[in-house]
Each structure stands twice: as structure tokens, then as C-alpha cells.
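The primary structure of each chain is shown beneath.
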Amino acid sequence: MHASLFLRGIFAAIVTPMLFVNTLHAEDWPQFRGPAGQGHASGPAPLKWSEQEHLVWKTPLDGKGWSSPVIFNKQVWITTAQAKEATPEEIEKRLASNTGNQPLDVVNDLKMRAICFDRETGKVVHDVELMTKQSPEPIHTLNSYASPTPIIERGRIYCHFGPNGTACVETETGKVLWTNQSNELIVKTENGAGSTPILWENLLIVHFDGSDRQFIAALHKDHGSIVWTTERSGEMDSNPQLKKSYGTPLLVMVEGRPVVISPAANWLYAYDPATGSELWKVSYGDLGFSVVPKPVERDGVVYLCTSFMKSQLLAVRYAERGKAVKPAIEWRYQKGVSQMPSPLVVDDMLYFVSDGGILTCVDAETGEMVWSERLGSNYSASPLFADGRIYLFDREGKTHVIKPGRRFERLAENKLDGSFMASPAVADGSMYLRTDQALYRIE
């Protein structure tokens, strides 16, 4: 347990999520969890659908990948991976070096791909092989080799596959502009990649928290070279299995200054995106590792889930009434907290669904439970707020639609074939849903 809390950077603020600003249209969805990275969509969204109802198009998918769709102008992109199953001898050999006890997939001849769909018709426009790897690290059977969500802006899409590499594609032609499979960015993830990058100015910023090494890095978006790396400074458990993490950073503005909020094993960090300098860090106070959910932010407080062993929801305040404060945990909630789905903040309420299907609403100011409801099933995808409603997507292809507020109210329940592992995208009144079998446009 670590109790030290300290501030290395002085900055004042009302803190707000940083919008994705590179010549976006109102109908674009450029990154994981939308323009502000918090799971909020603007404009209308469908309420009810099925395989026969309100379906604009459905396109079957090859390969396996849990990355979410991203949208710019008339294009919808996803990443996927194709591989061959390893022989029994290769499986035994490669699992011998793994120190964990998780169920793992072992493959050969990994092909990492990016696929572009026409937004109006669902037809494939580009199917691009980005990189290959002969003997990639084994991954958890619940994971995929294409789980991080890409980032798209005008003319380019950036596709990240953890230690297996990162690539940039010209969106109009499908031409691969650069790849980076540097040995400097290889860490032992144990369960495969999960961290999704964020884009700030000319930098792609991404976590590399393995059981062997833990750091955050920035790649230059024009050529993929490493601009900076910063080692995690917080003390961690001596067990390598308890040092790894799969979180995604959140970019916020602090009185005009960008700050990267970065969850890792046992610590929440803040960094200067330009230099990678650590601004501050806060200990979770209890063991927290293999962190998957992306944090959310409201009024100078960041809310994060600590994932494993027992997930806790922490509210960490670092600004108040326009003045800097020493970052500290304001409250914590410990029952039914997500290990994989990200939380969602709507007005003064915080919503989160446990992996086992318990949906909870807490007061964002106090951390007091408002209500809790068992939805059933299992969850990996993150929830969405759109058109005044909250959408939750389970691994059985079902979507629960609820009304936000101080009492639970279900508005609809929808079912598609397949399983939801990827989180949704919304653009111009349409919802784009990726199952393990197909990509859908619902309207």
C-alpha cells in the first residue's frame, strides 16, 4: 500500500475534457469513446433495432478484433487480425515462458489489417495489410490481437497493436505511410494489447505497461518515430504479474494547458504531453493492476476503475474553483465496479456496469449509491450516452437502453447476432455497432 500523494507541476483550473479538434465534422467519431473520449455522442440516436428492424446495412467481418469503429466523413474504419493456430509443440514451448496462469491463445503468422467501409453502403473500400509478425506473444482467450481502437483524422488513420506495432494509413488511397515495430516498444503484456492511443497535436501518446517494463511513450504522427518515453515512477508490487496494465489515457485541458491523465498499475499519473514530464501521481491506496477502463472527468475530478484484484471506483480531485489542489482521492466505491467496461458520467451521476452485468448509479459528488440493477449477462464494451439515453452492450449481442436519473428506468432491449466486445460509434443519427461477426449501421 502506498500513501504518498504529491504534486510536481503547478497548474490551476477548471478542468474540461479536451476535444478532438483536427477539422472534425459534427458527424465524425475519431477515437475510442468519441470526440471527447468520454462516451458521449451529440445529435439523435436510434432507440430500437434488431436483425430485421432499423438496419441500414450489415457487413460480415473476417479475422478477429475488438477495436471500436472510427468515422471520418464518408468512411468507417476498424482494425482486425488474422493468424494461424500454432502447433501443439509450439504452444507448449511458448507457454513455458509465460509466468501467469491465464487461459491463452497461441498463434503464428499474425497479419494486422485495417478495413475501410463506405458509410452509406457498408461496402469495403480498402482492406490493408499493415504489418505481420511470425510468432507474436500469446494473448488471453478473451482478448484479440486487434483490441486497441485506431484514431482517424483528415487524410490519415493511426492503427496501434500494442508491442506488435503501430502503423499509419492514407485514408483516401489505403497506402501505408509508415510502420513502427521497434524493439524499444516491446513489453511483455502477458494477455495481449489493450491500451488505445490518444492524439495530441503531432503526437500519438500510448501506454506500454508490461510485466517486465512500464512506461508511457509518444510517437510522431508524421513518421512514427519515438519522440519521448517516460518510465512509471511509482512503487509497485514485486510480483511482475501485478505490474501490468492496459489502460487508455484521457486528455484534459487545465486553463489552456493540456494534461494527460494516465491510469497504470497502482497509480494514477498526470503528464505533460509535449515532453512526457510527470506532473503528479496518486496512489490507489490498494492493489490495482491490469487496469482496462478509460477514466472519465467532471469538474476537476477524474473517475477511474482499478480493475484487479477487486475493482474500486476512485474519485481523484486535482482542481477546484479555478485553483490547483494537491491531487488526492476524494472518495472510493467498492461494490460491483467495472473491470473492463469504462464508466460513464452524465450530469451529476456516474454509471458503471460490472463485467458480470450489475449496473450501478452513484452520486458523482459524494460517491453514494443511488441505485443498482442486475442486467445479467457479461460485459466488456463501454457504455454510451446518446440522445438523452444510456446504452449498454453485452457479450451476448444484447443492448439495454435506460433513462439516466435517480431511479432505474429501462427504455428498450435490443438483440443482434454475435457478441459485443467492441464499444459503439455514433455519427449523424446512425449507430455503428461491431460484433464478433459483423459491422452494423443502425438508424
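As shown above, the structure is provided for reference.
Residues numbered from 1 in each chain as written. Predicted model: local features only at pLDDT ≥ 70, side-chain atom pairs only at ≥ 80, totals over all residues. Heavy atoms only, no water.

1. Structural notes on the overall build of the protein
In step 1: If you tally the helices and strands in the protein, you get 1 helix and 36 strands.
In step 2: Relative to the compact-globule value of 22 Å for 443 residues, the protein shows a C-alpha radius of gyration of 20 Å, a close match.
In step 3: The dimensions of the protein, computed from C-alpha atoms along their principal axes, are 50 × 50 × 40 Å.
In step 4: Across the 443 residues of the protein, 61% fall into the buried class.
In step 5: The averaged location of the 52 negative side-chain charges in the protein is 2 Å from the averaged location of its 45 positive side-chain charges. (Helix = DSSP H or I, 4+ residues; strand = E, 2+ residues; numbered from the N terminus. Rg over C-alpha atoms; globule rule 2.2 N^0.38 Å. Buried < 20%, exposed > 50% of the residue type's maximum accessible area, 1.4 Å probe, protein only. Lys, Arg positive; Asp, Glu negative; His and termini not counted. Charge placed at Lys NZ, Arg CZ, Asp CG, Glu CD.)

2. Details of the pattern of salt bridges
Between side chains of opposite charge, a pair can form when the charged atoms approach closely.
In step 1: Scanning the model with the defined rule gives 22 salt bridges in all.
In step 2: Counted as one network, the salt bridges with shared partners bring together Lys74, Glu120, Arg441 and Glu443. (Salt bridge = Lys/Arg side-chain N within 4 Å of Asp/Glu carboxyl O.)

3. What about the nonpolar core?
In step 1: In this structure, Trp49, Leu384, Tyr391, Phe393, Met431 and Leu433 are the most contacted members of the largest nonpolar core, which totals 30 residues.
In step 2: Elements supplying a minimum of two residues to this core: strand S5 (75-85), strand S7 (107-118), strand S30 (384-386), strand S31 (389-393), strand S34 (425-427), strand S35 (430-434) and strand S36 (438-442).
In step 3: A total of 4 residues in this core trace back to one element, the largest contributor, which is S36.
In step 4: Residues in contact with Leu384, not counting those within four places in the same chain, are Trp29, Gly39, Ala41, Leu344, Arg389, Ile390, Tyr391, Phe393, Pro424, Val426 and Met431. (Core = buried A, V, L, I, M, F, W, Y, C linked by side-chain atoms within 4.5 Å. Contact = heavy atoms within 4.5 Å.)

4. Some remarks on the sheet that holds strand S16 (residues 214-220)
In step 1: Pairing is antiparallel across the open sheet formed by 4 strands, whose spatial order is S14-S15-S16-S17. Pairing within the sheet leaves two strands with one partner each, and these edge strands are strand S14 (198-200) and strand S17 (226-231). With strand direction ignored, the average angle separating the axes of adjacent strands in the sheet is 25°.
In step 2: As paired elements, S16 and S17 share 5 bridges and run antiparallel to each other. Across the sheet, the residue bridging to Leu219 is Ile226, located in S17. (Pairing = 2+ DSSP bridges. Axes fitted to C-alpha atoms, helices over the stretch in contact; angles between N-to-C directions.)

5. Looking at the environment of Val291
In step 1: With respect to the element layout, Val291 can be found in the loop between strand S21 (278-283) and strand S22 (296-298).
In step 2: Accessibility expressed as a relative area gives 0% for Val291, which makes it buried.
In step 3: Between the C-alpha atoms of Val291 and Ala324, which are 33 residues apart in sequence, the distance is 27 Å.
In step 4: Aside from chain neighbours lying at most four places away, what touches Val291 is Ser245, Tyr246, Gly247, Pro263, Ala264, Tyr284, Cys305, Thr306 and Ser307.

6. What to know about the sheet that holds S30
In step 1: Spatially, S30-S31-S32-S33 is the arrangement adopted by the 4 strands of the open sheet, whose pairing is antiparallel. The sheet is open, and its two edges are formed by S30 and strand S33 (410-415), each paired on a single side. The average undirected angle you get between the axes of adjacent strands in this sheet is 20°.
In step 2: Bridge analysis of S30 against S31 gives 3 bridges, and the strand direction is antiparallel. Directly across from Ala386, in S31, lies its bridge partner Arg389.

7. A closer look at the packing of aromatic side chains
In step 1: Within the structure shown, the criterion is met by 11 aromatic pairs.
In step 2: An angle of 55° between the planes, with centres 6.1 Å apart, marks the rings of Trp57 and Tyr432 as tilted. Here the residue Trp57 occupies a position in strand S3 (residues 55-60), and Tyr432 occupies one in strand S35, the gap between them amounting to 375 residues.
In step 3: Judged by its relative accessible area of 5%, Trp57 falls in the buried class.
In step 4: The class of Tyr432 is buried, set by a relative accessible area of 0%.
In step 5: The ring of Trp267 has Lys281 lying over it, and the distance from NZ or CZ to the ring centre is 5.5 Å. (Phe/Tyr/Trp six-rings, centres within 6.5 Å; stacked < 30°, edge-to-face > 60°. Lys NZ or Arg CZ within 6 Å of the ring centre and 35° of its normal.)

8. Section: unusual backbone geometry
In step 1: Omega for the peptide link from Phe308 to Met309 comes to 5°, which places this bond in the cis form.
In step 2: Phi angles above zero are rare outside glycine, and His54 is one such case at about 60°.
In step 3: Residue placement: His54 occurs in the loop between strand S2 (15-17) and S3.
In step 4: Within the chain, Ser377 stands out as a residue other than glycine whose phi angle is a positive 70°.
In step 5: Tracing the backbone through its elements, the reader meets Ser377 in the loop between strand S29 (369-374) and S30.
In step 6: For Ser377, a relative accessible area of 26% translates into the label partly exposed.

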